[in-house]
Amino acid sequence: MKTNFNILGPLLLLLVLPFMGFSQQLHTKEAPLPCLNKTFSIYAYIVIDSLHKVDVEKRKRAIVRAFETVNTYFAPICVRFEVCEFDTVPNYQYFHMYKVADSLWDELTVKYHHNRRINMYFTGSFRKDPIGGFSAGGIAVDDGGICIVGPSAGTITHELGHYFGLKHTFDKSKGLELVDGSNCKTTGDEICDTPADPYYGSDPPIQWVDDKCRFIYQERDANGDYYRPDVGNIMSYYGCACGFTRGQYIKMANSWLNSSRTKW
Ligand SMILES: [Zn+2]
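Residues numbered from 1 in each chain as written. Predicted model: local features only at pLDDT ≥ 70, side-chain atom pairs only at ≥ 80, totals over all residues. Heavy atoms only, no water.

Digging into the overall build of the protein chain
No. 1: Counting its secondary structure elements, the protein chain contains 5 helices and 7 strands.
No. 2: Listed by position from the N terminus, the elements making up the protein chain come as α-β-α-β-β-α-β-β-β-β-α-α.
No. 3: A total of 264 residues make up the protein chain; the buried ones form 42% of that total.
No. 4: Restricting to contacts in the protein chain with at least 6 residues of sequence separation, those with at least 24 account for 66%.
No. 5: Element-wise, carbon and sulfur atoms account for 55% of the exposed surface of the protein chain, whose accessible area totals about 14700 Å². (Helix = DSSP H or I, 4+ residues; strand = E, 2+ residues; numbered from the N terminus. Buried < 20%, exposed > 50% of the residue type's maximum accessible area, 1.4 Å probe, protein only. Contact = heavy atoms within 4.5 Å. Areas by Shrake-Rupley, 256 points an atom, 1.4 Å probe, with all protein chains shown as cover.)

Some points on the packing of aromatic side chains
No. 1: Counted according to the given criterion, the structure contains 25 aromatic pairs.
No. 2: Ring geometry for F215 against Y217: centres 6.1 Å apart, planes inclined by 55 degrees, an arrangement best described as tilted.
No. 3: In this structure Y217 comes out as partly exposed when scored by relative accessible area, which is 22%.
No. 4: Three or more aromatic residues joined by ring pairs make a cluster, and in this case those are F40, F67, F74, F81, Y163, F164, F244, Y249 and W256. (Phe/Tyr/Trp six-rings, centres within 6.5 Å; stacked < 30°, edge-to-face > 60°.)

Structural notes on the packing of helix α2 (residues 56–74) against helix α4 (residues 153–163)
No. 1: Viewed as axis vectors pointing N to C, α2 and α4 meet at an angle of 45 degrees, and their least axial separation amounts to 8 Å. If you check the angle between α2 and α4, you find them oblique. Crossing of α2 over α4 shows right-handed handedness. Here α2 contributes A66, F67, T69, V70, Y73 and F74 to the contact with α4, which in turn contributes A153, I156, T157, L160 and G161.
No. 2: Looking at the contact of α2 with α4 residue by residue, the classes come out as 8 nonpolar, 3 polar and no charged. (Axes fitted to C-alpha atoms, helices over the stretch in contact; angles between N-to-C directions. Parallel < 35°, antiparallel > 145°, perpendicular 65-115°, else oblique. Left-handed = near helix turned anticlockwise from the far one by under 90°. Nonpolar A, V, L, I, M, F, W, Y, C, P; charged D, E, K, R; others polar.)

Thoughts on the coordination of the zinc ion
No. 1: For the zinc ion, the full set of protein donor atoms is H158 (NE2), H162 (NE2) and H168 (NE2), at a range of 2.0 to 2.1 Å.
No. 2: Mapping the donors of the zinc ion onto the primary sequence yields the spacing H-x3-H-x5-H. (Donors = N, O, S within 2.8 Å, 3.2 Å for Na, K, Ca; no water.)

Details of helix α3 (residues 103–112)
No. 1: Among the residues making up α3, those that are buried are L104, W105, L108, T109 and Y112. Projected down its long axis, α3 shows its buried positions confined to an angular sector of 125 degrees, all on one face. Summarising the geometry of α3, the exposed residues directed more than 90 degrees from the buried face are S103 and V110.
No. 2: Buried-residue contacts for α3 involve β1 (38–47), β2 (79–89), β3 (96–97), β4 (118–123), β6 (133–136) and β7 (145–149). (Arc of directions from axis to C-beta.)

Some details on the side chain of E177
No. 1: Relative to the assigned elements, E177 resides in the loop between α4 and α5 (246–257).
No. 2: It turns out E177 is buried and unbridged, and the closest side chain with the opposite charge, K172, is 9.5 Å from it.
No. 3: Aside from chain neighbours lying at most four places away, what touches E177 is N183, C184, T187, G188, D189, I191, T194, P195, A196 and Y227. (Lys, Arg positive; Asp, Glu negative; His and termini not counted. Salt bridge = Lys/Arg side-chain N within 4 Å of Asp/Glu carboxyl O.)

Focus on the environment of T186
No. 1: Tracing the backbone through its elements, the reader meets T186 in the loop between α4 and α5.
No. 2: On a C-alpha basis, the gap between T186 and K174 in space is 6.8 Å, while along the polypeptide they are 12 residues apart.

Brief notes about the sheet that holds β6
No. 1: In spatial order, the strands read β2-β1-β4-β7-β6; together these 5 strands make up an open sheet with mixed pairing. Unpaired on one side and paired on the other, β2 and β6 mark the two borders of the sheet. If you compare each strand with its neighbour and ignore which way they point, the axes differ by 20 degrees on average.
No. 2: Here 4 bridges tie β6 to β7, and the two strands are oriented antiparallel to one another. Pairing of F134 across the sheet is with C147, part of β7. (Pairing = 2+ DSSP bridges.)

Overview of unusual backbone geometry
No. 1: For N37, which is not glycine, the phi torsion reads 45 degrees and is therefore positive.
No. 2: Among the structural elements, N37 can be located in the loop between α1 (2–29) and β1.
No. 3: Look at N37 and you get exposed, because its relative accessible area is 68%.
No. 4: Of note, R116 is a non-glycine position whose phi angle comes to about 60 degrees, a positive value.
No. 5: Within the fold, R116 resides in the loop between α3 and β4.

Structural data, given as structure tokens:
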């Protein structure tokens, strides 16, 4: 027995050492992510429905709990969010928002907005789209805010992603990103480590991913390449959310660092 160990010891070391060297090399290839070392204050508004069915205290607890998860997503760039104040909006016409950032939203934010905070309004539903929320303005300006239907950590993280300058992975406003990534800087979400995502915002995700979050869409891009989007990206719509990419973290950090609001 003793002899066997003596032979196996050096052999195992030899096997392990090349891997250690390899992983170290990979690690030093990429510079560390920027660390903002910043806690942002959230001003949370709970909009009341006409029948007063919203349990304000219960909703407050759910919001605080959701932010515990949200904070884990932002920890890699040393960003935290703290709900510093709660307020209720007793006007139930804002409970069912109509459209994204319309006149109703303008009215709500003019009435309730607080400067130097991230203003977040928790409402009931949207009359027009079955969406979970939207973000208006952003971290670089002081008049924006975020509207959230129900306090889900995934939705809050997604909307904060927008608030910190991220687009959807399937954004097509600047043109279609190719699967080979050759035009990734100027098309799609303009971030190169998020693969091309062909999704159309109005489609039910079930037509694009199966119940195990496998991508099932079969169309190909202009080069004839099959799409392989990151269905777990928090800025996608596939509902398989698990995180941001390195490129997205850098973009979010820079949105703050390059803004004139760094004295918040
Ligand atoms: Zn979105």
